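Notes for the structure review
Single-letter residue listing:
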Amino acid sequence: MPNPRIPLPVVSVPTVLLFTGGVMVWTGATWLVVTEAASLWVTMPLHALVTFTMFTVLHESTHHAAGQLTWVNELLGRLAMPFVASYGSFPLVRYIHLEHHRNTNEDAHTDPDAWTAHGPWWQLPLRWLTIDFWYARFYVARQRTRPPSERIETAAVVALSLAAFAWLAATGHGWELLVIYLIPQRVGLAVLAWWFDWLPHHDLGARRQDRFGATRVRVGLEWLMTPIMLCQNYHLVHHLHPAIPFYRYLRIWKDNRDAYLARDVPIATAWGRELTSSEYREWRQLTGSLTEEPPAPQPPRPSLFHSLRVAEVRPLCEGAVTVTFDVPERLRETFRFTPGQHVVIRAEVDGEEVRRAYSICSTPESGVLRIAIKHQLGGAFSTFATTELAAGDVLDVLPPDGMFTLTPEPGRTGRYVALAAGSGITPILSILASTLLAEPHSRATLLYINTSGASTMFADELGGLAARLGGRLHVVHYRTDERDPDLRRQRTEKPFDTVGEALAISHERYQRGRLDGTRLRALLQARLHPAKVDDWFLCGPRELVDMARRTLADKDVPEENVHFELFQGALPVRPSRRPGPVLTVTAGGKTAEIPTTAGETVLSAALRHGVDAPYACVGGACGTCRASVVRGSARMDVHYALAAEEAAQGRILTCRAVATSDELSVDYDR
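This write-up is about the structure you can find in this document.

Parameters at a glance
- Here the residue numbering is sequential within each chain, running from 1 through the sequence in written order.
- Local features in this predicted model are restricted to residues of pLDDT 70 or higher, and side-chain atom pairs are both shown and tallied only at a pLDDT of 80 or more, whereas totals for entire chains, interfaces and linings draw on every residue.
- Side-chain measures here rest on the full set of heavy atoms in the structure, leaving out hydrogens and waters.
- By definition, any uninterrupted DSSP run of H or I lasting at least four residues is a helix, any uninterrupted run of E lasting at least two residues is a strand, and each is numbered from the N terminus.
- The atom set for the radius of gyration is the C-alpha atoms, and the globule formula is 2.2 Å times the number of residues raised to the power 0.38.
- Exposure classes here rest on a 1.4 Å probe applied to the protein chains alone. A residue is buried below 20% of its type maximum, exposed above 50%, and partly exposed in between.
- Should any heavy atoms of two residues lie within 4.5 Å, those residues are counted as being in contact.
- Shrake-Rupley sampling with a 1.4 Å probe provides the accessible areas, and residues are treated as covered by the protein chains on show and by no other component.
- For two strands to be treated as a pair, DSSP must find no fewer than two bridges joining them.
- To define axes, lines are fitted to C-alpha atoms, for helices over the stretch in contact only, and angles between the resulting N-to-C directions are given on a 0 to 180 degree scale.
- Every case where a carboxyl oxygen of Asp or Glu lies within 4 Å of a side-chain nitrogen of Lys or Arg is listed as a salt bridge.
- Buried Ala, Val, Leu, Ile, Met, Phe, Trp, Tyr and Cys residues that are joined via side-chain atoms within 4.5 Å together make up what is termed a nonpolar core.
- We call two directions roughly parallel when the angle between them is under 35 degrees, roughly antiparallel when it is over 145, roughly perpendicular when it lies between 65 and 115, and oblique otherwise.
- Should the near helix be turned anticlockwise from the far one by less than a right angle, the crossing is left-handed, and should it be turned clockwise, the crossing is right-handed.
- Following the grouping adopted for this structure description, the nonpolar residues are Ala, Val, Leu, Ile, Met, Phe, Trp, Tyr, Cys and Pro, the charged ones are Asp, Glu, Lys and Arg, and the polar ones are all others, Gly among them.
- Only the six-membered ring of Trp is used, alongside the rings of Phe and Tyr, when aromatic pairs are assigned; centres must lie within 6.5 Å, and planes under 30 degrees apart are stacked while those over 60 apart are edge-to-face, with the rest tilted.
- In this scheme, the term charge over a ring applies when either NZ of a lysine or CZ of an arginine sits within 6 Å of the ring centre and within 35 degrees of the ring normal.
- Given the number of residues in a helix, its expected span is that number minus one, multiplied by 1.5 Å.

**A look at the overall build of the chain**
When helices and strands are tallied, the chain shows 21 helices and 22 strands. In terms of overall dimensions, the chain is globule-like: its C-alpha atoms have a radius of gyration of 29 Å, near the 26 Å expected for 670 residues. Considered along the principal axes of its C-alpha atoms, the chain spans approximately 95 × 75 × 45 Å. In the chain, which comprises 670 residues, the share counted as buried stands at 51%. In the chain, the share of contacts with a sequence separation of at least 24, taken over all contacts with a separation of at least 6, comes to 68%. Split by element, the accessible area of the chain, about 31,700 Å² in all, is 57% carbon and sulfur.

Shown next, in the form of structure tokens:
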């Protein structure tokens, strides 16, 4: 899915202006009622309008889209809440609304906003008018599972609101309460339920599991519909990118329109006519034909191994070395890489061929192809590389590959967070160094887990990079060995010579123990709040990466903003001895028909038959063995290195793919 990478401002000025305007309109309309200077037919629509506009402020704060500062979102959300529903708390609404995002278009007991779309048509207006009552029921049924602070604040707000209502009625101001607040608020809530919930979501239940089909866009008359609906005519953009400010929806739709249309997103005109992607293209005159679609991107053809001379093997840290290759001029373009990519090494160790994937730890601008190898207990190639490999040796190397990347853009202002453990720093180092040096206004935080300083790869290089960037890179080291000297480092008594030297001490910090889910959640609630971060990069053991992905998903971080790579994939697939489907494999322009056994992977069968198929990790982590299904079907137990879009287009990782049809034909060359 496209990542719009729209920077979140420190404070969203349009949101603040919307709040300020709402307060002014509400104050003016209230004065008109009190002084009887205008008819209720004028004032009540104005008060209802304030309910509608203030909900947008509340909504933005709920998603931390009112600015980077957490306290601004918390304050604006609480200040806007009384204008929407004084008897509810901001944390309550935030919880209920995020449940809607997690369970969009499910039944009303799972997605609270589905209350506005379910039931017979004649009930819908009543449901729109009572949406807050349904929210109350939804919350009460779950309140025991909510944090104590949220329940206390909610109870206090409800008590204060009811007390204020009772006091106004007892002092003879019940009529004013009715015409200034209760009636206009009820009208405003009904309009909100209709425009925010029913219009974007009705009749889409069949696509509830499809993020691109969970809500629709309403196109046409943007000059009128966009300001009236406060950009919610492009509600799909909000569901795909919830932390993007509301006034950016239309721009994001235009910038990423082809990617959305390729997924057949639901589209309707301003008057409700449903459009297919092809009809929309014709309507917008994006193509000259109703049937013309943009050509699907073609996957690159498989690469061949090239023999490269080792230029240097240098000790890096305890049990690790860096290996630099001499890339001849004729292969410079072939080995050009994007930060984060890896190469596959093929070598003969003790008479057996071994293949391993290693991330490139240099930057493209350096013109150097360098990898880092850390010794693994029992690892054939890592043992050879860290003890015997020397300058002048020749290794077979595949050209760079991989999707765990970030292409720097000099004009971009980004905020990035990387989480690495051990040798997971290798692609992260390339990504952070390349991006921060090319993007002078971007910032990054690295959470780096190791046993001790002695085994920390690139410790000095990271420290130098952080100091060079003047605070734009902040490194937090997590050390699991309590005896690590860095954890007991004392402040030097020598005075600092420069301000920069004094500030450099803040570029790196050291924490005892692992980075677990509790620590990560605490970071996400404060300085690393998801709304402040554009992209997350995770590289390490599967348990760590899975924990981080779950934690980020629980905080509603969009999947397209989380990029990950694993040290090691899943365990090998064990086939049976029973005969399996017939497999046809095309690789290097040659096609072979291969009998398989039940449960055998495509790669295993191909290699057993002598097919020169590309592979490295055989665990679904590196993506080297990608191929296209030409005929038949296959299933993969995992596909870490394969994007969902690729899988939808029939791409498979052959090391994890097992045939599910009587015949399966795959092509490595497509």
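Moving on from the coordinates now.
**Some points on the side chain of T130**
Assignment of secondary structure puts T130 in the loop between α5 (124-129) and α6 (131-140). For T130, a relative accessible area of 19% gives the class buried. Those residues within four positions of T130 in sequence are excluded, and the remaining contacts are W115 and R186.

**Points about the sheet that holds strand β13 (residues 508-512)**
The strand order β13-β12-β11-β10-β14-β15 describes an open sheet built from 6 strands, whose pairing is parallel. Each edge of the open sheet is held by one strand with a lone partner, namely β13 and β15 (562-566). Going from strand to strand, the sheet's axes swing by 15° on average, the running direction of each strand aside. Pairing geometry for strand β10 (residues 415-421) and strand β11 (residues 443-450), over 7 bridges, is parallel. Looking across to β11, one finds that R415 is bridged to R443.

**So, the environment of G580**
Structurally, the position occupied by G580 is in strand β16 (residues 579-587). Considered as a pair, G580 and S359 are 221 residues apart in the sequence and their alpha carbons are 36 Å apart. Not counting the four nearest positions on each side in its chain, G580 is found in contact with T596, T597 and A598.

**Structural notes on the pairing of β10**
The buried count for β10 comes to 7 of 7 residues, which makes it a mostly enclosed element. Residues R415, V417, L419 and A421 of β10 are buried on one face, and the alternating residues Y416, A418 and A420, pointing to the opposite face, are buried as well. Pairing between β10 and strand β14 (residues 535-540): 5 bridges, direction parallel. Residue pairing in the sheet places V417 in a bridge with W536 of β14.

**Observations regarding the sheet that holds strand β6 (residues 342-349)**
Taken together, the 6 strands give an open sheet; going across it, the order is β7-β6-β9-β4-β5-β8, and neighbouring strands pair in antiparallel fashion. Single-partner strands in this sheet number two, and they are β7 (352-359) and β8 (369-374). Between one strand axis and the next, the sheet turns through 40° on average, direction left out of account. As paired strands, β6 and β7 are joined by 8 bridges and run antiparallel to one another. What sits directly across from E348, in β7, is E353.

**A few points about the pattern of salt bridges**
Counted according to the given criterion, the structure contains 27 salt bridges. Residues R78 and E153 are paired through a salt bridge, measuring 2.9 Å at the closest nitrogen-oxygen approach. Separated by 75 residues along the polypeptide, R78 in helix α3 (residues 70-85) and E153 in helix α7 (residues 148-170) bring together distant segments of the chain. Residue classification places E153 among the partly exposed positions, given a relative accessible area of 23%. Residues participating in the shared-partner salt-bridge network are E74, R78, R94 and E153.

**Topic: the nonpolar core**
Core analysis: the biggest nonpolar cluster contains 61 residues, and M54, L58, W253 and I267 have the highest contact counts within it. The next biggest cluster of nonpolar side chains, apart from the first, holds 29 residues, and it includes A418, L432, L436 and L462.

**Thoughts on the packing of helix α15 (residues 425-438) against helix α16 (residues 459-468)**
Here α15 crosses α16 at 20°, and the two axes come no closer than 12 Å. Considered as vectors, α15 and α16 are oriented roughly parallel to each other. The hand of the α15/α16 crossing is left-handed. Listed contacts from α16 to I425, L429, A433 and L437 of α15 are E461, L462, L465 and R468. A breakdown of the residues in the contact of α15 with α16 according to their chemical character gives 6 nonpolar, no polar and 2 charged.

**With respect to the packing of aromatic side chains**
Across all of its chains, the model carries 18 aromatic pairs by this definition. Their ring planes at 85° and their centres at 5.0 Å tell us that F55 and F196 sit as a pair that is edge-to-face. Here F55, found in helix α2 (residues 40-62), pairs with F196, found in helix α8 (residues 174-201); they are 141 residues apart in sequence, far enough to count as distant. The ring of F138 carries R142 above its face, with NZ or CZ at 3.7 Å from the centroid. Taking NZ or CZ as reference, R146 lies 3.8 Å from the ring centre of Y95, over its face.

**Topic: α15**
Every α-helical turn comprises 3.6 residues, leaving residues that sit three or four positions apart pointing alike. A rise of 1.5 Å per residue sets the reference length of α15, with its 14 residues, at 20 Å; its end C-alpha atoms lie 19 Å apart and thus fit the reference within 8%. Among the 14 residues of α15, 12 are classified as buried, and the element is accordingly described as predominantly covered. When α15 is considered as a whole, its buried residues turn out to be I425, T426, P427, I428, L429, S430, I431, L432, A433, S434, T435 and L436.

**Overview of the environment of R251**
Residue position: R251 is located in helix α11 (residues 249-255). Sequence spacing of R251 and R127 is 124 residues, and the spatial spacing of their C-alpha atoms is 33 Å.

**Considering unusual backbone geometry**
In this structure, E36 takes a positive phi of about 55° despite not being glycine. Turning to its location among the elements, E36 is positioned in the loop between α1 (13-34) and α2. If you check the backbone angles, N105 has positive phi at about 70° while not being a glycine. Considering the arrangement of structural elements, one finds N105 in the loop between α4 (90-102) and α5.

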